[in-house]
Amino acid sequence: MKQVLDTTTITDSDKGELFNDIESNKLTNEKLMNVDFNELIETNSDTVGWINFESVNINYPVVQAKTNSYYNNYSYYKTASTDGWIHTDIDTSLNELGNNTIIYGNMTKDNALFSNLKKVLEEKWYKNQSNHLIKLSTINSNTSWQVFSVYETKVEDYY
């Protein structure tokens, strides 16, 4: 992964999006990110985006395969991996984000990928409004998202 991070150009965009800071009751302008997808797509043609959730140390390319299970067992480099990789649901289009945009990721022993998502369940994390920003860059767009609700649910197959 270090190689991907070292060879991918990510810069602040000239554009930003308004972020509602509930604590101060003010709107602030948050810079979006620009990602150079050329090398990422050369490395893995399944690349569809980049997710950055800084407060929980998530900063990775996102891929999409022909099945939802493929990247549970393969790395970004398409080599066998028990850690898998961050990937979208096969019915999710990052070019046309909808009400149910599903991005999967595994928890790992070395706290990579989505392992640190467990932090969002901590009251300390949730009470700090600046933690709530998620940036998602695709080939066609740059967006930011604000966490507004956090809950834990049982794993079910119907997703």
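Note on numbering: residues in each chain are counted from 1, in written sequence order. The predicted nature of this model means local features are confined to residues of pLDDT at least 70 and side-chain atom pairs, given and counted, to a pLDDT of 80 or more, with totals for whole chains, interfaces and linings taken over all residues. Hydrogens and water molecules were not included; the side-chain quantities draw on all heavy atoms of the structure.

Draft legend 1. Highlighting the side chain of S137. Comment: elements are numbered from the N terminus, with helices defined as DSSP H or I runs of at least four residues and strands as E runs of at least two. Mapped onto the elements of the fold, S137 is located in strand β7 (residues 133-138). Three labels apply to residues, based on accessible area from a 1.4 Å probe with only protein chains included: buried if under 20% of the type maximum, exposed if over 50%, partly exposed otherwise in between. Judged by its relative accessible area of 1%, S137 falls in the buried class. Under the rule applied, a polar contact is a pair of N or O atoms within 3.5 Å (in protein, one hydrogen donor and one hydrogen acceptor; residues adjacent in sequence only if both atoms are side-chain atoms). At a separation of 2.6 Å, a polar atom in the side chain of S137 contacts the side chain of N142.

Draft legend 2. Spatial organisation of the layout of surface pockets. Space inside and on the surface of the protein is sampled on a 1 Å grid over the protein atoms alone, with a cavity defined as a set of points where a 1.4 Å probe fits but cannot get out and a pocket as an open set with protein on both sides within 12 Å along at least 5 of 7 lines; lining residues have an atom within 4 Å of a point. Grid points are joined across faces, edges and corners, and a volume is the space filled by probe spheres set on the points. Considered as a void within the structure, the largest pocket measures approximately 2000 Å³ in volume. Taken together, 36 residues line the largest pocket, and the ones lying closest to its centre are T101, I103, F114, L117 and Y151. Those elements giving two or more residues to the lining of the largest pocket turn out to be β3 (47-53), β6 (103-104), β7 and β8 (142-146). A per-class count over the lining of the largest pocket returns 23 nonpolar, eight polar and five charged. The nonpolar class holds Ala, Val, Leu, Ile, Met, Phe, Trp, Tyr, Cys and Pro. Asp, Glu, Lys and Arg form the charged class, and all remaining residues, Gly among them, are polar.

Draft legend 3. Quick peek at the nonpolar core. In terms of nonpolar packing, the biggest core is built from 26 residues, with I51, F53, I58, Y60, W85 and I86 touching the most fellow members. Going through the elements one at a time, β2 (26-35), α2 (37-43), β3, β4 (58-63) and β7 are the ones with two or more residues in this core. A total of four residues in this core trace back to one element, the largest contributor, which is β4. Every residue pair with non-hydrogen atoms within 4.5 Å of one another is taken to be in contact. In this view, I86 contacts I51, I58, Y60, P61, V62, V63, I103, Y104, G105, L113 and F114; residues no more than four positions away in its chain are not counted. Among buried residues, those of type Ala, Val, Leu, Ile, Met, Phe, Trp, Tyr and Cys that are joined through side-chain atoms within 4.5 Å constitute a nonpolar core.

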